[in-house]
Amino acid sequence: GIQVEQSPPDLILQEGANSTLRCNFSDSVNNLQWFHQNPWGQLINLFYIPSGTKQNGRLSATTVATERYSLLYISSSQTTDSGVYFCAIRSGNQFYFGTGTSLTVIP
Amino acid sequence: GAVVSQHPSWVICKSGTSVKIECRSLDFQATTMFWYRQFPKQSLMLMATSNEGSKATYEQGVEKDKFLINHASLTLSTLTVTSAHPEDSSFYICSARIGKNIQYFGAGTRLSVL
């Protein structure tokens with residue numbers, strides 16, 4: 001199956017700082033989603049971004065499908081941004097999740 | 001966005017009993033739902049794909065007699081953990097797919113088997 005790796009695995013930020021999370025995938029794909037899993041376990045859709053760039057408030061994402069990676073940018077981080085960020089890719093009828101980046105934003 | 005309701009959110013049961021977890025799409029119809037298992041500090045592991053009106057497709061290594069999946073309607077899929085044992089304790093998450101590419105998740109069920 002497709003390998004999906006994320007980096008860094010853990011990240012600690014001071015409130016207000018910016019960060020970039022990376023998702024690398026092993027095969028050509030035509031779809032990718034980013035999710036935020038909050039401390040209570042709920043997964044929240046952030047972006048569906050098979051290619052190009054999208055922005056939503058302080059978050060933006062870029063996928064370069066030909067080079068098999070996607071980036072999630074978080075600007076002016078807040079404590080509520082803490083949690084785990086996953087990227088996921090669909091291949092056939094299955095979704096493959098990345099290894100996750102655990103983000104802690106400290107006040 | 002679309003809403004997926006998962007119930008219960010937390011369940012504690014005795015070893016040997018069965019537990020049913022429900023996953024409902026509240027404002028859309030989902031012909032396909034997914035069941036995942038997540039261990040602490042790990043990623044989501046797909047257990048099975050639930051298709052409305054047909055048998056579920058299980059991932060390799062997942063016991064279908066242990067984890068019974070029923071998708072009887074376009075808005076409801078259930079996962080039953082039969083004869084639960086402590087090693088079945090985990091966080092179980094369902095999702096429902098819209099179109100081909102986008103899935104929305106339930107809030108998860110934390111199962112503790114004593």
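As the structure is a prediction and not an experimental result, all values here were calculated from the model.

Parameters and conventions
- Residue indices follow the written sequence of each chain, beginning from 1 at its first position.
- Labels follow written order: the first chain is A, the first ligand is 1, and so on.
- Only residues with pLDDT of at least 70 are given local features in this predicted model, and only at 80 or more are side-chain atom pairs given and counted; all residues enter the totals for whole chains, interfaces and linings.
- Just so you know, side-chain values use all the structure's heavy atoms and leave hydrogens and water out.
- We treat two strands as partners when DSSP finds at least two bridges between them.
- Helix and strand assignments follow DSSP, with helices taken as H or I runs no shorter than four residues and strands as E runs no shorter than two, numbered in order from the N terminus.
- Each axis is a line fitted through C-alpha atoms, taken for helices only over the stretch in contact, and angles between the N-to-C directions span 0 to 180 degrees.
- Only heavy atoms matter for contacts: two residues are in contact if any of them lie within 4.5 Å across the pair.
- Buried area: the accessible area, evaluated with a 1.4 Å probe, that two parts lose upon being put together, summed over both parts.
- Note on definitions: salt bridges are taken to be side-chain nitrogens of Lys or Arg within 4 Å of carboxyl oxygens of Asp or Glu.
- Polar contact is defined as a pair of N or O atoms within 3.5 Å, subject to the rule that within protein one atom must be able to donate a hydrogen and the other to accept it, and that residues adjacent in sequence are counted only when both atoms are side-chain atoms.
- Amino acids outside the nonpolar list (Ala, Val, Leu, Ile, Met, Phe, Trp, Tyr, Cys, Pro) and the charged list (Asp, Glu, Lys, Arg) are all regarded as polar, and Gly is one of them.
- Criterion for a disulfide: a pair of cysteine sulfur atoms within 2.5 Å.
- Note on classification: 1.4 Å probe, protein chains only; a residue is buried when its accessible area is under 20% of the maximum for its type, exposed when over 50%, partly exposed between these limits.
- As used here, the term nonpolar core means buried Ala, Val, Leu, Ile, Met, Phe, Trp, Tyr and Cys residues forming a set that is joined through side-chain atoms within 4.5 Å.

Residue and element names in this part refer to chain A. One open sheet holds the 5 strands; their spatial order is S1-S3-S8-S7-S6, and the pairing between them is antiparallel. Two strands close off the open sheet at either side, each with one partner strand: strand S1 (4-7) and strand S6 (52-56). Each strand of the sheet is rotated relative to its neighbour by a mean of 15 degrees, with strand direction disregarded.

For the rest of this paragraph, the subject is the interface of chain A and chain B. Bring the parts together and some accessible area is lost; that lost area is often taken as the interface size. Every contact between the two is made by 18 residues of chain A and, on the other side, 22 residues of chain B. Roughly 1,600 Å² is buried in total at the junction of chain A and chain B, and carbon and sulfur atoms are behind 50% of that figure. Of all residues in chain A, A:Asn93, A:Phe95 and A:Phe97 bury the most surface against chain B, accounting for 32% of the area lost on that side. Applying the counting rule to chain A against chain B returns 0 salt bridges. Put simply, chain A and chain B have 6 residue pairs in polar contact (both at pLDDT 80 or more) between them. At the level of elements, strand S4 (33-37), strand S5 (43-48), strand S9 (83-91) and strand S10 (94-97) of chain A are the ones that each hand at least two residues to the side of chain A that touches chain B. Residue classes in the side of chain A that touches chain B are distributed as 7 nonpolar, 10 polar and 1 charged.

Counted under the stated rule, the structure contains 2 disulfides over all chains. The disulfide that involves A:Cys23 links it to A:Cys87, with 2.0 Å between the sulfurs. Between A:Cys23 and A:Cys87 the disulfide shows an S-S torsion of about 80 degrees. By sign, it is right-handed. Of this pair, A:Cys23 sits in strand S3 (residues 19-25) while A:Cys87 is found in strand S9, placing the two residues 64 residues apart along the sequence. When its relative accessible area of 0% is taken as the criterion, A:Cys23 is described as buried. Two residues share a disulfide in this structure: B:Cys23 and B:Cys94, whose sulfurs sit 2.0 Å from each other. Between B:Cys23 and B:Cys94, the S-S dihedral sits near 80 degrees, and the bridge is therefore right-handed. Linking B:Cys23 in strand S3 (residues 19-25) with B:Cys94 in strand S9 (residues 90-98), this pair joins segments that are 71 residues apart in sequence. Given a relative accessible area of 0%, B:Cys23 falls into the buried group. In this structure B:Cys13 is not part of a disulfide, and its nearest cysteine sulfur, from B:Cys94, lies 18 Å away.

A separate point is the sheet that holds S3(B). Residue and element names in this part refer to chain B. Read across the sheet, 4 strands follow the order S1-S3-S8-S7 without closing on themselves; strand pairing throughout is antiparallel. Each edge of the sheet is formed by a strand with only one pairing partner; in this case those strands are strand S1 (4-7) and strand S7 (67-73). Taking each pair of neighbouring strands and ignoring which way they run, the sheet shows an average axis angle of 15 degrees. Of the pairings in the sheet, the one linking S3 to strand S8 (residues 76-81) comprises 6 bridges and is antiparallel in character. For Cys 23, the partnering residue across the bridge sits in S8 and is Ser 77.

Our next topic: the nonpolar core. Generally speaking, a soluble globular protein has its nonpolar side chains buried in company with each other. The biggest cluster of nonpolar side chains holds 26 residues, and the ones touching the most others in it are B:Val4, B:Trp35, B:Phe67, B:Leu79, B:Tyr92 and B:Leu111. Elements that contribute at least two residues to this core include exactly strand S2 (10-13), S3, strand S4 (32-38), strand S5 (44-51), S7, S8, S9 and strand S11 (109-113) of chain B.

So, on to the environment of A:Lys54. All names here are of chain A. Positionally, Lys 54 belongs in strand S6. Since its relative accessible area comes to 38%, Lys 54 is described here as partly exposed. Within the structure, the side chain of Lys 54 is placed 2.6 Å from the backbone oxygen of Tyr 48, a separation counted as a polar contact.

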